[in-house]
Every structure is written in structure tokens, then in C-alpha cells.
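Remarks on the overall topology
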Amino acid sequence: MRDWLVDITLFLFAVLFGLVLSTARITAHELPDQKWLFDVDQLVGVVGCGALWLRRRSPAGLCTVLMVVSSVSELVGGAAMVALFTVAVHRPMRVTAVQFALGIVSSVVFTVLRPEGDLPLYVVVLFGLAVQSAVTGWALVVRHRRELVASLRDRALRAEQEAELRAEHAQLRARESIAREMHDVLGHRLSLLSVHAGALEYRPDAPREDIARAASVIRESAHQALQDLREVIGVLRAPVQELPQPTMADLPTMIAESARAGMPVVLRSGVEGTTPDTVGRTVYRIVQESLTNVRKHAAGASVEVDVTGAATDGVTVEVTNSSGAAPSGAPGSGQGLVGLAERVALAGGRLTHGPTPSGGWRVSAWLPWPA
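Since this is a predicted model, take the numbers as computed values, not measurements.

Moving on, we get to the sheet that holds strand 3 (residues 314-321). Strand order in the open sheet formed by five strands is 1-2-3-5-4, and the pairing between neighbours is mixed. Bordering the open sheet on either side are strand 1 (265-271) and strand 4 (350-355), each of which pairs with just one other strand. In this sheet, adjacent strand axes meet at a mean angle of 5 degrees when their direction is disregarded. Lying over the sheet, helix 9 (residues 277-297) contacts strand 1, strand 2 (303-310), strand 3 and strand 5 (361-367), oriented at roughly 10 degrees with respect to strand 3.

Here it is as C-alpha cells:
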């Protein structure tokens, strides 16, 4: 509809231009000596106005034809200006410059062939130059406005796409967080289950008290594992920040659970002040993953957990275990230490791990204390 309205308006402008000019000629009795020339001029003007309906197909070609014809016919001048306007809006600047120059040449030729009374040549040429400049300037304004609108629309589209990408990236990070939490939490709980189940399997003749205690730990660990799983999966329905996160204060509880499972573990903590949540959560996960690995790969080994630090020095955590028996046979992903290294790196710290001279294993990490 918009294109139709523009085409009709420009067509009516060209027709009105020819009617006004021809009426002025008739009223002022300024017709050429050969009347048939005026009739041909009117016919050419009508054909030129009708040709404007084809201007969208070939703007430059139509403009060239009308500019050439306007060098001998003045009534086609309105159609020629419309064609020049179309070229300036839809074609590159160099094409517009060529058509503009052709229009100036046509004005000179028309003035030479059909002089306007006593008007000097330069006056007619300057008038034509002014008219063409106004038409071209208006067309360039329309063109740049359209380019600006298209640019703004493109920027809005890109901004929307970037927002979608950021949302997808946030979802990906949330899923990575879920996977990490599931590995840390459930790995720890299930390793406790594996240890006690193995003890019951290989010691069926154990005292009833030991069997009852192991069964109680298995039941409690299974119940806690289910609770942890519900909390982790709850992230899928709520923001990640709403997932209950452990802190440094939860370390003694976890150490006590491991001790009840039969692991000789000692905790020595010498942290001055209250650690930030991020640091405390990272320390908890380091100790949790280390204890899980000990149960999986060094069953029966004794463990020492040392946590020290202050606001000025950062927090250092070391988990050292002695050499243990053969691996428990509990399945492992092999990604625990890799995940720990990534977690520590995200917190701005350093993680090292490796065997000790006595045949055990040590995991050591340093974490900065944010201001």
C-alpha cells in the first residue's frame, strides 16, 4: 500500500507539472511556430508520465531515456525529475552523479534548441541546476533515513539475538553447575553407601552391633542422597542461586559422617574470621571430593584435613591420606580432580595434587580471600 501511494503521488506530480506548464504556454501564447511540435511535446509528456510506472524495474535506464528526451521536450521534465529522484533513492551515488550530469547537459541542449526569450543561457542552466539539486538532495535525505531505520532495525535484531545467546549461555552455565553439584554431592553420599555395603558383604560374621550401625549409616546416607538429589534437581525449577549451598561451617558434619563410616579422618582448622561464602563453599567441595576419592581408591587409609587462612593471606586447604588397601571398586568418572581444578580456577586460586613419598596422596589448594 505504501509503494502504491508513493507511485500514485509521483505520477500525479509529473502529470500536474506537464499540465501547469502547457497551460502556461497556451495562456501566454508562447506556442512554437509549428503547432504540431507542441502536440508532439504533449504526447511525449503523456508517454513519459506513463513510463513512470516502470521506474522500479529499471530506474537508471528510464532516467537516462527521460533525460535525453527532456533535451527536446519540456513537458517530460516532471517525469524526468521523478526518475532522477528514484535513482538517487535506490542506486549508488556514482549512478546518481551520472544522471545528474546528464540532466544538466539536457538543460543546456534544450536552452540552445529552444531559447526562452531574453533569458541568458546561464540563468536557465542555473535554474535547472537548482531544481535538480533540490530533487537529488531530497532523495538523498529519504535514502539515508531509510538506511538509518534499516540499521536501527538490524541493531535491534542483533541485540535480540545476543540476548538469546546470553540466555542460552546462562542456561548452559546453570546446567554445568547442576552437573558439578550432582557429582560432588551424590558422589560423596554414594561412596559412603558403597563402603558400608562392601563391609557387610565381606564381613557377614561381623557383630550384630556393627551390622546394625552399618545398616543405619546406609539408610541415613541413602535418605540424605535422595534429599540432596531433590535439592539439586530443584534447580531446574528455580534459579541456581536458590540451591542450598554448603559453607565452611558444614565441614565438621561431613568429617563426622566419614568417621562414622569407618574412615580415620582428622580435621584441623585454623581459619581466622568468617570466610566469604564462595571460599567456604569451594573449601567444602575440595574436602568432599578428596574424601570421596580416598574411599574409592584407598579404602582404609587415614586422612588428615588441614584448613588454615586469614583475610590477608587467603585460605589454604590440604587433604592428605596414607597408603590404603586396594580400590573399593566403586565406579568413578575420572573427572573429579578436573572439576576441582576448574572450580578453584574460577575462584582465582591454585590446585595441586599428587602422590606423597610415603605412598599416599595429597590434594592442596590455595584460595584468595575477596575483599
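Right, picking up where we left off after that structure.
Here we take up the packing of helix 4 (residues 77-90) against helix 5 (residues 93-113). Where helix 4 meets helix 5, the closest approach of the two axes is 8 Å, and the angle between their N-to-C directions is 160 degrees. By the criterion of interaxial angle, the relationship of helix 4 to helix 5 is roughly antiparallel. Read as a crossing pair, helix 4 and helix 5 show a hand that is left-handed. Of the residues in helix 5, those touching helix 4 at L84, V87 and A88 are V95, T96, Q99 and F100. Considering only residue class, the contact of helix 4 with helix 5 consists of five nonpolar, two polar and no charged.

For the rest of this paragraph, the subject is the pattern of salt bridges. One pass over the structure, following the stated rule, counts four salt bridges. For the salt bridge of R268 with D306, the shortest nitrogen-to-oxygen distance reads 2.7 Å. Within this pair, whereas R268 is found in strand 1, its partner D306 is found in strand 2, the two being separated by 38 residues in sequence. Classification of R268 as partly exposed rests on a relative accessible area of 39%. With a relative accessible area of 22%, D306 lands in the partly exposed category. Put simply, R268, E304 and D306 are held in one network by salt bridges that share partners.

Before going further, it helps to examine the packing of aromatic side chains. This model, assessed by the stated rule, comprises one aromatic pair. Consider the rings of F85 and W138, whose centres lie 4.8 Å apart with planes at 50 degrees: the pair is tilted. Here W138 lies in helix 6 (residues 121-202) and F85 lies in helix 4, a separation of 53 residues in the sequence.

What counts, and where the lines are drawn
Residues numbered from 1 in each chain as written. Predicted model: local features only at pLDDT ≥ 70, side-chain atom pairs only at ≥ 80, totals over all residues. Heavy atoms only, no water. Pairing = 2+ DSSP bridges. Helix = DSSP H or I, 4+ residues; strand = E, 2+ residues; numbered from the N terminus. Axes fitted to C-alpha atoms, helices over the stretch in contact; angles between N-to-C directions. Contact = heavy atoms within 4.5 Å. Parallel < 35°, antiparallel > 145°, perpendicular 65-115°, else oblique. Left-handed = near helix turned anticlockwise from the far one by under 90°. Nonpolar A, V, L, I, M, F, W, Y, C, P; charged D, E, K, R; others polar. Salt bridge = Lys/Arg side-chain N within 4 Å of Asp/Glu carboxyl O. Buried < 20%, exposed > 50% of the residue type's maximum accessible area, 1.4 Å probe, protein only. Phe/Tyr/Trp six-rings, centres within 6.5 Å; stacked < 30°, edge-to-face > 60°.

None of this, on its own, says anything about what the molecule does.
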